[in-house]
Amino acid sequence: MKSENITVKVKLLGKEYPVSCSRSEEGALLQASRYLEDKMREIRNAGKTIGLDRIAIMAALNLAHEFIKLQDEMEEEHDSSHKKLETLMEKVDTVLDDV
């Protein structure tokens, strides 16, 4: 069954943008727009960046940086967990070999 698309009005720094999404994604879209709005307000309130387009670009760059940092952290965690698992498996193999 095909998902029904709806138009959601997203408000960023006082300006509304109509965005099409599936009904099931509406909550996630609104959550993302609130997060983006917060980031854009932080940048605007810092007073160093003027203009909606520049604020949006700076927010996008900041969010991309956060995303990449989280990806790197997750990869490091995965590698660490993998190494720990290999060590445990070697210990189990050693104990089983001695039995």
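These figures come from a predicted structure and were not determined experimentally.

Participant: I tried to follow helix α1 (residues 26-46) on my own but got confused; where do I start?
Facilitator: In a regular helix each residue adds 1.5 Å, so 21 residues correspond to 30 Å; α1 covers 30 Å between its end C-alpha atoms and thus fits that length. For α1, every residue scored as buried is listed here: Ser33, Glu37, Lys39, Met40 and Ile43. For α1, the elements touching its buried residues are β1 (5-12) and α2 (52-98). Glycine 47, located one to two residues past α1, shows a positive phi value of around 80°.

Participant: Is there a simple way to think about unusual backbone geometry in this case?
Facilitator: Comment: phi is negative for the bulk of residues other than glycine, and the bulk of peptide bonds are trans. Even without glycine at this site, leucine 13 takes up a positive phi of about 50°. Mapped onto the fold, leucine 13 is located in the loop between β1 and β2 (15-22).

Participant: Please clarify how the pairing of β2 should be interpreted in this entry.
Facilitator: Consecutive residues of a regular strand have side chains that alternate between opposite faces of the sheet. As judged from the eight bridges shared by β1 and β2, these two strands associate in the antiparallel manner. Each bridged residue has a counterpart across the sheet, and for lysine 11 the counterpart in β2 is glutamate 16. Connecting β1 to the antiparallel partner β2 that follows it, the hairpin turn spans two residues, and leucine 13 within it adopts a positive phi of roughly 50°.

Participant: What is the right way to read a negative patch on the surface from this model?
Facilitator: A surface patch of negative charge is lined by Asp72, Glu73, Glu75, Glu76, Glu77 and Asp79. Along the chain, the position of glutamate 75 falls in helix α2.

Participant: Looking at this structure, I do not really get a nonpolar patch on the surface. What am I missing?
Facilitator: Taken together, the side chains of Val92, Val95, Leu96 and Val99 define a hydrophobic patch exposed on the protein surface, amounting to about 430 Å² of accessible area. Secondary-structure assignment places leucine 96 in helix α2.

Participant: What should I look at first to understand the environment of valine 8 in this one?
Facilitator: Assignment of secondary structure puts valine 8 in strand β1. Given a relative accessible area of 5%, valine 8 falls into the buried group. In the structure, valine 8 is positioned 13 residues away from cysteine 21 in sequence and 7.4 Å away in space, judged by C-alpha atoms. Among residues more than four places away in sequence, those in contact with valine 8 are Tyr17, Pro18, Val19, Cys21, Glu26, Leu29 and Leu30.

Participant: Got a minute to help me understand the packing of α1 against α2 in this structure?
Facilitator: Helix-helix packing is described using two parameters, namely the angle between the two axes and the distance between the axes. Running from N to C, α1 and α2 point in directions that differ by 115°, and their axes come no closer than 9 Å. Here α1 runs over α2; the crossing is right-handed. Each of Tyr35, Leu36, Lys39, Met40, Ile43 and Arg44 in α1 lies in contact with α2, whose residues at this interface are Leu52, Ile55, Ala56, Met58, Ala59, Asn62, Leu63 and Glu66. Residues belonging to the contact of α1 with α2 are distributed by class as follows: ten nonpolar, one polar and three charged.

Participant: Explain the pattern of salt bridges to me, please; I cannot follow it from the model alone.
Facilitator: Side chains that differ in charge, positive against negative, can pair when their charged atoms come close. Per the counting criterion, the structure on display carries three salt bridges. One salt bridge in this structure joins glutamate 37 and arginine 41, with 2.6 Å as the shortest N-O distance. You can see glutamate 37 and its partner arginine 41 sitting in helix α1, four residues apart, about one turn around the helix. Here arginine 41 falls in the partly exposed class, since its relative accessible area comes to 34%. For lysine 39, the salt bridge identified is with glutamate 66, shortest N-O distance 2.9 Å. Within this pair, whereas lysine 39 is found in helix α1, its partner glutamate 66 is found in helix α2, the two being separated by 27 residues in sequence. When its relative accessible area of 16% is taken as the criterion, lysine 39 is described as buried. Its relative accessible area of 27% is what places glutamate 66 among the partly exposed residues.

The rules we used
Residues numbered from 1 in each chain as written. Predicted model: local features only at pLDDT ≥ 70, side-chain atom pairs only at ≥ 80, totals over all residues. Heavy atoms only, no water. Helix = DSSP H or I, 4+ residues; strand = E, 2+ residues; numbered from the N terminus. Expected span 1.5 Å × (residues − 1). Buried < 20%, exposed > 50% of the residue type's maximum accessible area, 1.4 Å probe, protein only. Contact = heavy atoms within 4.5 Å. Pairing = 2+ DSSP bridges. Patch = residues over 30% accessible without salt bridge, like charges linked within 9 Å, V, L, I, M, F, W, Y side chains within 5 Å. Areas by Shrake-Rupley, 256 points an atom, 1.4 Å probe, with all protein chains shown as cover. Salt bridge = Lys/Arg side-chain N within 4 Å of Asp/Glu carboxyl O. Lys, Arg positive; Asp, Glu negative; His and termini not counted. Charge placed at Lys NZ, Arg CZ, Asp CG, Glu CD. Axes fitted to C-alpha atoms, helices over the stretch in contact; angles between N-to-C directions. Left-handed = near helix turned anticlockwise from the far one by under 90°. Nonpolar A, V, L, I, M, F, W, Y, C, P; charged D, E, K, R; others polar.

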